[in-house]
Amino acid sequence: MSALSAVSPRRRRTDQAARAALGAGAAIALVPLVLVIFYLMKKGLPAWSWHFFTSDPTGSFLGDAGGIRSAIVGTLVLVAVAAAMSIPAGVGVALYLVEYGKAKRFAGLIRYLVDVMTGVPSIVFGLFVYTVLVITSIGGGFAAWKGSLALALLMLPVVTRSAEVVLNLVPDSLREAALALGAPRWRVIFRVVLPSALPGLVTGSLLAVARAAGETAPLLFTAFAVFGLSVDPSQEINSLPVQIFNDARQPRDVIVTRAWGAALTLVLLILITTVVARLATRRSRIA
Amino acid sequence: MTMTPHSSPSESSSSGSAASNALAAEASEHAEKPAAKVEREGREIKLEAVRAFYGDLEAVKGVDLDFRANEVTAMIGPSGCGKSTLVRCINRMHEEIPGARAEGRITIDGEDLYGAEVDVVSVRRAVGMVFQKPNPFPTMSIFDNVAAGVRLSGMKGGKLKERVERSLRGAGLWEEVKDRLDMPGVGLSGGQQQRLCIARTIAVEPEVILMDEPCSALDPIATLKVEELIAELKASYTIVVVTHNMQQAARVADRTAFMLTGEMVEVAPTEQIFTNPSDERTEQYVTGKFG
């Protein structure tokens, strides 16, 4: 009898069944994603026009409903201010954890708290800012910067955790080389560690930005929403998610369509951010 | 925690008894070389009862040793014997490892490196170090890598270009890279990267250069170049070379120190270590009976 034999029919059948099951699983997972994108395109694209991007919502019940210019600008302002608050803080915390805290108990506590913060629902951050800053009327009532702060709290753990991972990837041999040249530790961090980790830090930060850009709940009771164009962080400001939230509940078809158009715009903005984040990773020399 | 992160134990046992004859020949040849000219007075380093710990593990157990100015001293011994640790005590890099500490007295021309008033940064400026694996800064060009030594230690730029050129010439790399100084340093070959790291070290103008197995990641040709460079550098610096390779010690070192399990067994002129050691363990090690 030969030592080699053909694959038994039983094993062939099992193999085919397993492959089919796994393929079906993957297809089922894709269905909602494809449907979401399909409906976004189908319902959102008709809303797009030059007028759509260049005019603000009018708020009038009849006639021209207006576009979403103020919402786009508002989202950009909100997210930019939030990034300016959370990225330096998040990278700073990560630097402490990697360069100084290491295995200390205090560093472990911070890591734990950051993890807990990751799991806090976004509405809780909104509520927190609402209670602490809005109700107390510190610097007026609703304001864009308060919305940004809520978003920043949301972004902080994401930025911190991703930055910690990236900073840990910087080889210790580089730190040693710099220290052995007689560099003080802060200069090692700014001249060697941060530049080496920069592409990864950009990626992590942009993914946090992408996450914050789509958040609605923290903005509802912090930045509120106005129709008009505003870039002033101390005033109420419009934003894409809140605009979508409000428009989708309106009875007029043209306004509901505007919600779809705004949703498609938001997804596109987030997609662009994610692609840029990927490009930054590709530039990395250390990982 | 492991003490010496490099190499398997088998690596250091390469030289058989046949090789030891060649070693002896090489060593005596070395002895006939005229004394190197001194371009700049190096400084003498004195170790007194130096002990080094990783947590509770004592890696260096009370070593007394002098490194003479303008001489190359080789440190040999099997893996884990504490030679790298000892050398890292001299520029105080040992204490950068969590849980590590050192005791005893290390002086450079009489000044205590571990004095209470002494800034560790100034120690590292005076005592440069070249590592086992070439580690140029990946984000920097060739020029910036050499300039980094100067910039990182906070010295004023001034004649930075001149200094970079002088350092690259000093490391024997200038002719190979002068047309591509703005290319990334990591684009060079391994041997060139190591010489770039040496250039970076001498750009700071230290008094002493420590080399922790500088050739173990290099091919034979690149090793030869670095060894020639070491021979030139001793005109200006006091040099300590940790090596696993006994032929290398025989080729480059004026004096050789043999360490075993954290203790200094013997220090003597290189040809004596390889031909007529006074300690039996040294003889066994250099003739390849163990290690």
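Along each chain, residues carry numbers from 1 onward, in the same order as the chain's sequence is written. As a convention, the first chain written is A and the first ligand written is 1, with the rest following in written order. Totals for whole chains, interfaces and linings use all residues, but because this is a predicted model, local features are given only for residues with pLDDT of at least 70 and pairs of side-chain atoms are given and counted only at 80 or more.

## Looking at the overall build of chain A
As a reminder, the rule being used: The way it works is that DSSP assigns letters per residue, a run of H or I at least four long becomes a helix, a run of E at least two long becomes a strand, and they are numbered from the N terminus. To get the radius of gyration, use the C-alpha atoms; to get the globule rule, take the number of residues to the power 0.38 and multiply by 2.2 Å. Comment: burial labels come from other C-beta atoms within 10 Å of the residue's own C-beta, placed from the backbone, where a count of 20 or more is buried, 12 or fewer is exposed, and between is partly exposed. By the convention adopted here, residues are in contact when the distance between their C-beta atoms, placed from the backbone, does not exceed 7 Å.
What chain A contains, in helices and strands, is eleven helices and zero strands. Listing every helix and strand of chain A by position from the N terminus yields α-α-α-α-α-α-α-α-α-α-α. Its C-alpha radius of gyration of 25 Å places chain A more than 25% over the 19 Å reference for a compact globule of 287 residues. For chain A, the spread of C-alpha atoms along the three principal axes comes to 85 × 70 × 35 Å. For chain A, buried positions account for 39% of its 287 residues. Expressed as a percentage of contacts within chain A between residues at least 6 apart in sequence, the contacts between residues at least 24 apart total 75%.

## Some thoughts on the sheet that holds strand 8 (residues 238-242) of chain B
All names here are of chain B. Let me state the cut-off plainly: Being paired, for any two strands, means DSSP has found at least two bridges between them. Interaxial angle, 0 to 180 degrees, is taken between N-to-C directions of lines fitted to C-alpha atoms, where a helix line uses only the stretch in contact.
Taking strand neighbours across the sheet as the criterion, the six strands line up as 6-7-8-3-9-10 in an open arrangement whose pairing is mixed. The open sheet has two free edges, formed respectively by strand 6 (127-130) and strand 10 (263-269), since each of these has just one partner strand. Strand-to-strand twist across the sheet, computed as the mean angle between neighbouring axes with direction ignored, equals 20°. Pairing between strand 3 (residues 72-76) and strand 8: four bridges, direction parallel. Of the residues in strand 8, the one forming a bridge with Val-72 is Ile-239.

## Some points on the interface of chain A and chain B
Put simply, the test is: In this count, Pro and Cys sit with the nonpolar residues alongside Ala, Val, Leu, Ile, Met, Phe, Trp and Tyr, while Asp, Glu, Lys and Arg are called charged and the others, Gly among them, polar.
In this assembly, 20 residues from chain A lie in contact with 22 residues from chain B. Listing elements by their share of the side of chain A that touches chain B, those giving two or more residues are helix 7 (172-180) and helix 8 (185-213) of chain A. It is helix 7 of chain A that provides the largest number of residues to the side of chain A that touches chain B, a total of seven residues. Taken together, the residues of the side of chain A that touches chain B sort by class into twelve nonpolar, three polar and five charged.

What is shown is where atoms sit, not what they do.
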